[in-house]
Amino acid sequence: MPQITSRQNPRVKAAAALKNRKARDASGLAIVYGPRETLRALAAGADLVEAFLCRDLFCGAEATDAAEALRASGVLLHETTPEVFERLAYGDRLDGVVSVVRPVPRTLEALSLGDRPLIAVVEGVEKPGNLGAILRSADGAGLDAVVLADPVIDLFGPNVIRASVGAVFKPNIAVGGAAEVIAWVRGLGLPLYATRPDATQDYTAADFSSGGVIVLGAEATGLSDAWRGEGVNAIALPMNGIADSLNLSATAAVLFYEALRQRG
């Protein structure tokens, strides 16, 4: 195929613009950096629009595997020079593979839940790295679904995709307004466990064996008062030093794997 040699190529410019949320919101597209993330997007059935390859920057078999998988999928491919690829790259992601994806809207109604489902709700998350790490931990621990209530950040921002190592493309993730999410969760009839630094119940006392909902709040403000009241069990992790809480993604990982341990 012809190689793109100009940094002013219209397709290159349009893809590079997706680094900014305004362009992502306007186009309905997102940009994916790296062969691993691209392979996982393909495996999850994501709608890839096009991809840019720079074979001079390929390092290891993963990039070659991604290029072959993209070609087999029929995605529109563009070969670039290293100089052109630098315009597309994000941070230090000069590993030769960038793809453009059209994310599917994630609704609560589209979630498919099995028996005894374990669900995480994350309210008002503010940091892309934390959200990506939570999605990665949820994937590793086998959660049935992750629901974002009133997220401040873009689910398909580059840092979320990167920190999740592509787990963001799984179909078991939904986004909704806080009131909508609360109503949906209460309608499931599952035990609710809200993480709060001032809770008196230790997280190990929570019973996840028959399913449940783990609710986590924003880094700066914690959970809103909507997650208080009847049927909501407040839990906390023990803190034996001067800090009063763990990083949000660390808290999530501890709880997810405690639930996995209980569920066998």
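Bear in mind the structure is a predicted one, so any value in this text is a computation, not a measurement. (Residues numbered from 1 in each chain as written. Predicted model: local features only at pLDDT ≥ 70, side-chain atom pairs only at ≥ 80, totals over all residues. Heavy atoms only, no water.)

### Quick word on the layout of surface pockets
For clarity, the threshold we go by: For cavity detection a 1 Å grid was placed over the protein atoms alone, and a set of points counts as a cavity when a 1.4 Å probe fits there but cannot get out; an open set counts as a pocket when protein lies on both sides within 12 Å along at least five of seven lines, with lining residues being those that have an atom within 4 Å of a point. Grid points are joined across faces, edges and corners, and a volume is the space filled by probe spheres set on the points. The helix count covers DSSP runs of H or I at least four residues long, the strand count covers runs of E at least two residues long, and both are numbered beginning at the N terminus. Three classes are used, and their members are as follows: Ala, Val, Leu, Ile, Met, Phe, Trp, Tyr, Cys and Pro are nonpolar, Asp, Glu, Lys and Arg are charged, and the others, Gly among them, are polar.
Estimates place the volume of the largest pocket at around 450 Å³. What lines the largest pocket is a set of 24 residues, among which T195, P197, S245, L246 and T251 lie closest to the centre. Broken down by secondary-structure element, the contributors of at least two residues to the lining of the largest pocket are β12 (232-236) and α9 (248-262). Grouping the constituent residues of the lining of the largest pocket by class yields 10 nonpolar, 8 polar and 6 charged. Computed from the structure, the second largest pocket encloses a volume of approximately 240 Å³. Every residue lining the second largest pocket is counted, 17 residues in all, and those nearest its centre are D25, P103, D154, L155 and F156.

### Description of the packing of aromatic side chains
Short version of the rule: Here a pair means two rings of Phe, Tyr or Trp (six-membered ring of Trp) with centres within 6.5 Å. Their orientation is stacked below 30 degrees between planes, edge-to-face above 60, and tilted elsewhere. For every residue, the accessible area obtained with a 1.4 Å probe (protein chains only) is divided by the maximum for its type, and the residue is called buried under 20%, exposed over 50%, and partly exposed between those limits.
The final tally for this structure, using the stated rule, is 3 aromatic pairs. Ring geometry for Y33 versus Y90: centroids 5.3 Å apart, planes at 25°, classification stacked. Of this pair, Y33 sits in strand β2 (residues 30-33) while Y90 is found in the loop between α5 (82-88) and β5 (97-102), placing the two residues 57 residues apart along the sequence. The exposure class assigned to Y33 is buried, which follows from its relative accessible area of 4%. Classification of Y90 by relative accessible area gives partly exposed; the value is 23%. Taking the centre distance of 5.9 Å and the plane angle of 35° together, the rings of F156 and F169 count as tilted. One end of the pair, F156, is in the loop between β7 (145-149) and α7 (158-164); the other, F169, is in the loop between α7 and β8 (173-176), and 13 residues separate them in sequence. You'll find F156 and F169 in the same group, each marked buried.

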